[in-house]
Amino acid sequence: MSNEKRLFFSAELTAAWPQNFPSGRILEEENRHMTLVFLGSTSPSTLLEKTIPLPSFDIGPASYSTKWIFLPSEKEARAVAAETASLGPLLDYQQALAQWIKTEGCPSHDARPFFPHITLARGPLDVESWKQIPCEIPFYIRSIALMESLGHSRYQHLWRHCLLPPFAEIEHTADIAFLIRGSNFYDLFLHAQIALSFKFPALIAYFSKEKNFPSLDTVIAALNEVIARADLDIGIPFKAVSYHDEMAYHLNHLEWKMIVDV
Amino acid sequence: MSKLKPIAPATYEMTQEGSMKVPGLIIATPKLLQAMDIEEPLNQVRNVACLPGIVGYSIAMPDMHWGYGFPIGGVAGMDAKTGVISPGGVGYDINCGVRLALAPIKFKDLQSSVREMLIHRIFSLVPSGVGKGHKQKPLTEKDFQNLLLKGAKWSVEKGYGFARDLDHIESSGMIEGADLSAVSSLAKDRGKDQLGTIGSGNHFVEIGAIEKIFLPKTAEAWGIEEGQTYVLIHSGSRGFGHQICQDTLDEFIKLGFAEGLPDRQLVAAPIQSAHGQKIFQRDGCCCKLCIQQPAADPPSRPASF
């Protein structure tokens, strides 16, 4: 009897999932993921004997979804997924992983180009009702895993590499505060935006594309511009990010305590 | 761990060390100190003690907890000549405050149906919550100018308050020195529809009864009686104040006023400098706007009571 199983590498996610979705068979939160490489029927023991390449990053990349996609097409939708915005270093890792699988000779692997998305529900689907709800879901990747498909949108992990969360909420008596991690000031800015959007996803529409941050001061000033614009337009629960600059320098990353006036 | 020396009942001194210019003073019982998450606010007491021109002590009151540059519950006095003024040390909500207004009716005489109507009426007339404002009638530039020129009198003239209210407001609702030209257009945009609104966070309108009088003579002088209906209002300068504070912080950081300070949120300019005086002009605008909030809360009071 073959010990082959339906395997794939995935990015496991922590996200500010909407409380309700409009229709379909909704995947349980723990089963929502981003497939990196689909291996098809493969022997897990053979694969696990090898040294699976690890990502070059310690901190889980953070991003957000930008639109709903209906698969295979809107007309014959059998699944709905959230297409994601830029994932930075994850794309390089996905390519490295795909190359490694090819080299290791997994014959069934899916060699189609990487299409970053998160499947959320399967049919029957009311496409129009999905289009009515906001598609922006902030998330970060908490781990890379080798998963086995158990059928009916259920999975179990066979191998897992955990990543540091890009942010974590910390106790603050009067307002809210986060520990923001990043390998540079741009990362801190991006992760701070995502952290805020976990509390208020509509903020995503006001995210800044600015990438040039020579100092933490410029990060804070840019975050406050985002907040001011959003507050002016739609009213948001945050009023300002303070200039509190308590920062810890670790071997490969920075950690900043961000205090947000609410 | 901070070094605290008991010097009187419920009073501890924090030893002056490093770049602290004065010692710290913590007003708290041992029980409170044990119950508090104390390290962050004590660090902030220490940081405040490093500000140029601070006199006496950097003080933390018994409600102290982690704040912005100062701890919440932090107090510091500055020498008017050599001291500094910090736009964001204590936070962003400039002149945020609580006002108690009395209604000439016993609370028990308000039938429950009337209380319910009152609440619904105020709720419909006073926008509250995140981002809520009077979108249909934003303040114009001329309104802002008049508001700054006249203070709370402007609200009274508009029918949003009573003339006698002015006698019960600090400086009759008129603080000198405000200059609208020192305020950014973004701040004005953020504040233009928020006059007479509550906002979010810990801001509220509460109606209740005076239950117990602790200082009878003072209460009598103020016309406060047991059982009387009160309206308690807590609001602030909302987006207008936040943006003014943010603009000043950004400006001061760029000017290098934070150099040498243990926390950049404490960024401060010498009181006597042109930049220090500009804070008074900007914050004076917020003070005037804030005075309108609890004094008038247009148009809730005339329309509701």
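Attention here is on the structure that accompanies the text.

Analysis parameters
Residues numbered from 1 in each chain as written. Chains lettered and ligands numbered in written order. Predicted model: local features only at pLDDT ≥ 70, side-chain atom pairs only at ≥ 80, totals over all residues. Heavy atoms only, no water. Pairing = 2+ DSSP bridges. Helix = DSSP H or I, 4+ residues; strand = E, 2+ residues; numbered from the N terminus. Axes fitted to C-alpha atoms, helices over the stretch in contact; angles between N-to-C directions. Expected span 1.5 Å × (residues − 1). Buried < 20%, exposed > 50% of the residue type's maximum accessible area, 1.4 Å probe, protein only. Arc of directions from axis to C-beta. Contact = heavy atoms within 4.5 Å. Core = buried A, V, L, I, M, F, W, Y, C linked by side-chain atoms within 4.5 Å. Domains from an automatic or database assignment. Buried area = accessible area lost by both parts, 1.4 Å probe. Polar contact = N/O pair within 3.5 Å; in protein donor to acceptor, adjacent residues only side chain to side chain.

As for the sheet that holds strand β4 (residues 54-65) of chain B
Residues and elements named next belong to chain B.
Phase 1: Pairing is mixed across the open sheet formed by five strands, whose spatial order is β1-β2-β3-β4-β5. The open sheet has two free edges, formed respectively by β1 (4-8) and β5 (72-78), since each of these has just one partner strand. The sheet shows a mean angle of 25° between the axes of neighbouring strands, direction not considered.
Phase 2: Bridge count between strand β2 (residues 11-14) and strand β3 (residues 24-27): four bridges; the pairing is antiparallel.

Some details on helix α2 (residues 89-103) of chain A
Residue and element names in this part refer to chain A.
Phase 1: Compared with an ideal rise of 1.5 Å per residue, which puts 15 residues at 21 Å, α2 spans 21 Å between its outermost C-alpha atoms and is within 8% of the ideal.
Phase 2: Within α2 the residues assigned to the buried category are L90, Y93, Q94, L97, W100 and I101. In a view along the axis of α2, the buried residues occupy a sector of 125°, so they form one face of it. For α2, the exposed residues lying more than 90 degrees away from the buried face are D92, Q95, K102 and T103.
Phase 3: Structurally, α2 contributes buried residues whose contacts are with β1 (5-15), β3 (33-42), α1 (44-49) and β7 (138-151).
Phase 4: Positive backbone phi, at 75°, marks G105, one or two positions downstream of α2.

Description of the sheet that holds strand β7 (residues 97-106) of chain B
Backbone hydrogen bonds are what pair the strands of a sheet, in a parallel or an antiparallel way.
All names here are of chain B.
Phase 1: The strand order across the open sheet built from three strands is β7-β9-β8, with neighbouring strands paired in antiparallel fashion. Every other strand in the sheet has two partners, leaving β7 and β8 (204-209) as the edge strands with one partner each. When strand polarity is set aside, the average angle formed by the axes of neighbouring strands in this sheet is 20°.
Phase 2: Relative to strand β9 (residues 228-235), β7 runs antiparallel, the two being bridged by eight bridges. Paired with A101 across the strands is V231, a residue of β9.

As for the nonpolar core
Residues and elements named next belong to chain A.
Phase 1: F178, I180, W256 and M258 are the most contacted members of the largest nonpolar core, which totals 66 residues.
Phase 2: The biggest single contributor to this core is helix α5 (residues 216-233), with nine residues.
Phase 3: There are two domains that each give this core at least three residues, and those are domain 1 (5-162) and domain 2 (167-261).
Phase 4: Those residues in contact with M258, other than ones at most four positions away along the chain, are I176, A177, F178, I180, A192, L196, L223 and V241.
Phase 5: Counting 40 residues, the second largest nonpolar core, distinct from the first, contains W17, L39, L47 and C135.

Thoughts on the interface of chain B and chain A
Phase 1: With 24 residues of chain B at the contact, the number on the chain A side is 28 residues.
Phase 2: With both chains or domains summed, chain B and chain A bury close to 2300 Å², and 55% of this area falls on carbon and sulfur atoms.
Phase 3: Of all residues in chain B, the largest losses of buried area upon contact with chain A belong to W66(B), Y68(B) and R190(B), amounting jointly to 29% of the total for that side.
Phase 4: Summed over the shared surface of chain B and chain A, the result is 13 residue pairs in polar contact (both at pLDDT 80 or more).
Phase 5: Counting residues per element, the ones that place at least two in the side of chain B that touches chain A are α6 (185-191) and α8 (238-254) of chain B.
Phase 6: The dominant element in the side of chain B that touches chain A, judged by the number of residues it contributes, is α8(B), at seven residues.

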